[in-house]
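# Summary of structural features
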Amino acid sequence: MSTAGKVIKCKAAVVWEVKKPFSIVEIEVAPPKAHEVRIKILASGVCRSDDHGLSGAMYVKFPVILGHEAAGVVESVGEGVTCVKPGDKVIPLFAPQCGECSTCKHPRGNLCKMGDLTASGLMHDGTSRFTYKGQQLHTFLGTSTFTEYTVVHESAVVKIDAAAPAEKVCLIGCGFSTGYGAAINSAKVEHGSTCAVFGLGGVGLSTVMGCKAAGATRIIGVDINKDKFPKAKEMGATECVNPLDFKKPINEVLYGLTDGEGVDYSFEVIGRTDTMTAALASCHMNYGTSVVVGVPPSASEITFSPLLIFTGRTWKGSIFGGWKSKEAVPKLVSDFMGGKFALDPLITHTLPFDKINEGFELLRSGKSIRSVLVF
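Not measured: the values here are computed from a predicted model.

## Observations concerning the domain arrangement of the chain
Assigned domains within the chain: domain 1 (8-173 + 342-374) and domain 2 (176-320). Of the residues lining the interface, 20 residues belong to domain 1; the matching set on domain 2 comes to 19 residues. Per-residue buried area on domain 1 facing domain 2 is highest for P345, L346 and I369; these three make up 27% of the total on that side. In this structure, the connection of domain 1 to domain 2 is made through zero salt bridges. Along the contact surface separating domain 1 from domain 2 lie four residue pairs in polar contact (both at pLDDT 80 or more). Its residues assigned to classes, the side of domain 1 that touches domain 2 comprises 14 nonpolar, five polar and one charged.

Written as structure tokens, this is what we have:
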């Protein structure tokens, strides 16, 4: 029986207020309007950005359905949608690509104006497709994937290889692409260079993979959790350091490890202002580049000496690894299917959707790299 054009009742993980756990409840998901797509979610990753929304570090409107790293199948499409059709396997895109705005038209731009990084929590017409007992629920990053069904704008979804395993390629929707692309696209790591990656979670390890793929000869992993070091070395790190093992600042430690030069490229993949400044200070004072990959808390600010960049260092940010999402995601899925990179080492736990709170506990305790929820 077709569900097209009808309201679907399904399970979703709703957060009612800041710092409260997820409640799995039955919600109503309205049919897609013009230029919208309704997706049946098959798998969704547990990402630190979702936890930032939950904790209040990242501004979101409550009640909300979080989640933004997923793979699914198109259930139905609204009027005028031609990019996907019912039955297509897809990845929702928190960094959409409309192809029309000035950023999409710029060769280096990937922060499309259709994105919802300002956290309006609503669709482009100012309404939501989610309700619970008549109460409106907000969306997250224009995707909201912690639900059996979601609705996204057509600019925020792309068709992928039908044979791709959803419980693995969902990571291409955020974590893997963000880290891997930060090295390949944003930093443009060169063959023979030296890199330092601060934070060895799922995105940090993907950054390590990107540095290795780009031909870096030294990749130094930095984390205060030494349990992450064996996995980092398996993914390509040549050595790992724990800042807690030293009395001096970590940037001085890294300078010592590189004959007083500093690294060519450093990446902050945690989202802390103190480590962002430390990562900047760790790279070569003249030609070093430091990339901010971790999502910073909304209210945070940085104070640093302008001498750090006056001497020539480059400090830059990277959103979704600098990829133009609609163009890049299907290619990344094809590369994965062709064995160009592995996602299995990043996935430490696969849990049923109703164990979502457990997935977040694993993340907060540092016991998981990526947990994937399957529906």
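And the narrative resumes.
## With respect to the pairing of strand 4 (residues 70-77)
A large share of strand 4 lies buried, amounting to six of its eight residues. Looking at chain direction, strand 3 (residues 36-45) and strand 4 are connected through seven bridges and run antiparallel. Bridged to I39 within strand 4 is V74. Relative to strand 5 (residues 89-92), strand 4 runs antiparallel, the two sharing two bridges. Within the sheet, the bridge partner assigned to V73 lies in strand 5 and is K89.

## Concerning helix 10 (residues 325-337)
For helix 10, spanning 13 residues, the distance from its first C-alpha to its last is 18 Å, which sits close to the expected 18 Å at 1.5 Å a residue. Among the residues of helix 10, S325, A328, V329, L332, V333 and F336 are the ones counted as buried. Mapping the buried residues of helix 10 onto a view down its axis gives an arc of 135 degrees, with all of them on the same face. Tucked inside the fold, the buried residues of helix 10 contact strand 5, strand 9 (157-159), helix 3 (166-169) and helix 4 (175-187). The first or second residue beyond helix 10 is G339, which carries a positive phi of 80 degrees.

## Some words on the nonpolar core
Core analysis: the biggest nonpolar cluster contains 89 residues, and I27, F146, I172, F176, V189 and F267 have the highest contact counts within it. Counting contributing residues, this core receives three or more from each of domain 1 (8-173 + 342-374) and domain 2 (176-320). Not counting chain neighbours up to four residues away, the residues in contact with I172 comprise I91, S177, F320, V329, L332, V333, F336, F341 and L343.

## What about the side chain of E268?
Secondary-structure assignment places E268 in strand 13 (residues 265-268). Buried and unpaired, E268 has R272 as its nearest opposite-charge partner, separated by 6.3 Å. Looking at E268, its side chain comes within polar contact range of the main-chain nitrogen of R272, at 3.0 Å. Each residue touching E268, except ones within four places of it in the same chain, is listed here: F198, T275, M276, A279, V291, V292, V293 and G294.

## Some remarks on the layout of surface pockets
In this structure, the second largest pocket spans a volume of roughly 390 Å³. Lining the second largest pocket are 17 residues; nearest its centre among them are R108, N110, N185, S186 and G322. For the lining of the second largest pocket, the secondary structure elements donating two or more residues are helix 4 and strand 15 (314-317). Broken down by element, the lining of the second largest pocket gets its largest block of residues, four residues, from helix 4. Looking at the lining of the second largest pocket residue by residue, the classes come out as five nonpolar, eight polar and four charged. Residues from two domains meet in the lining of the second largest pocket; each of domain 1 (8-173 + 342-374) and domain 2 (176-320) gives at least three.

Rules used in this analysis
- Residues numbered from 1 in each chain as written.
- Predicted model: local features only at pLDDT ≥ 70, side-chain atom pairs only at ≥ 80, totals over all residues.
- Heavy atoms only, no water.
- Domains from an automatic or database assignment.
- Contact = heavy atoms within 4.5 Å.
- Buried area = accessible area lost by both parts, 1.4 Å probe.
- Salt bridge = Lys/Arg side-chain N within 4 Å of Asp/Glu carboxyl O.
- Polar contact = N/O pair within 3.5 Å; in protein donor to acceptor, adjacent residues only side chain to side chain.
- Nonpolar A, V, L, I, M, F, W, Y, C, P; charged D, E, K, R; others polar.
- Buried < 20%, exposed > 50% of the residue type's maximum accessible area, 1.4 Å probe, protein only.
- Helix = DSSP H or I, 4+ residues; strand = E, 2+ residues; numbered from the N terminus.
- Pairing = 2+ DSSP bridges.
- Expected span 1.5 Å × (residues − 1).
- Arc of directions from axis to C-beta.
- Core = buried A, V, L, I, M, F, W, Y, C linked by side-chain atoms within 4.5 Å.
- Lys, Arg positive; Asp, Glu negative; His and termini not counted.
- 1 Å grid on protein atoms, 1.4 Å probe; cavity = no way out; pocket = protein on both sides within 12 Å on 5 of 7 lines; lining within 4 Å.
- Points joined across faces, edges and corners; volume = space filled by probe spheres on them.

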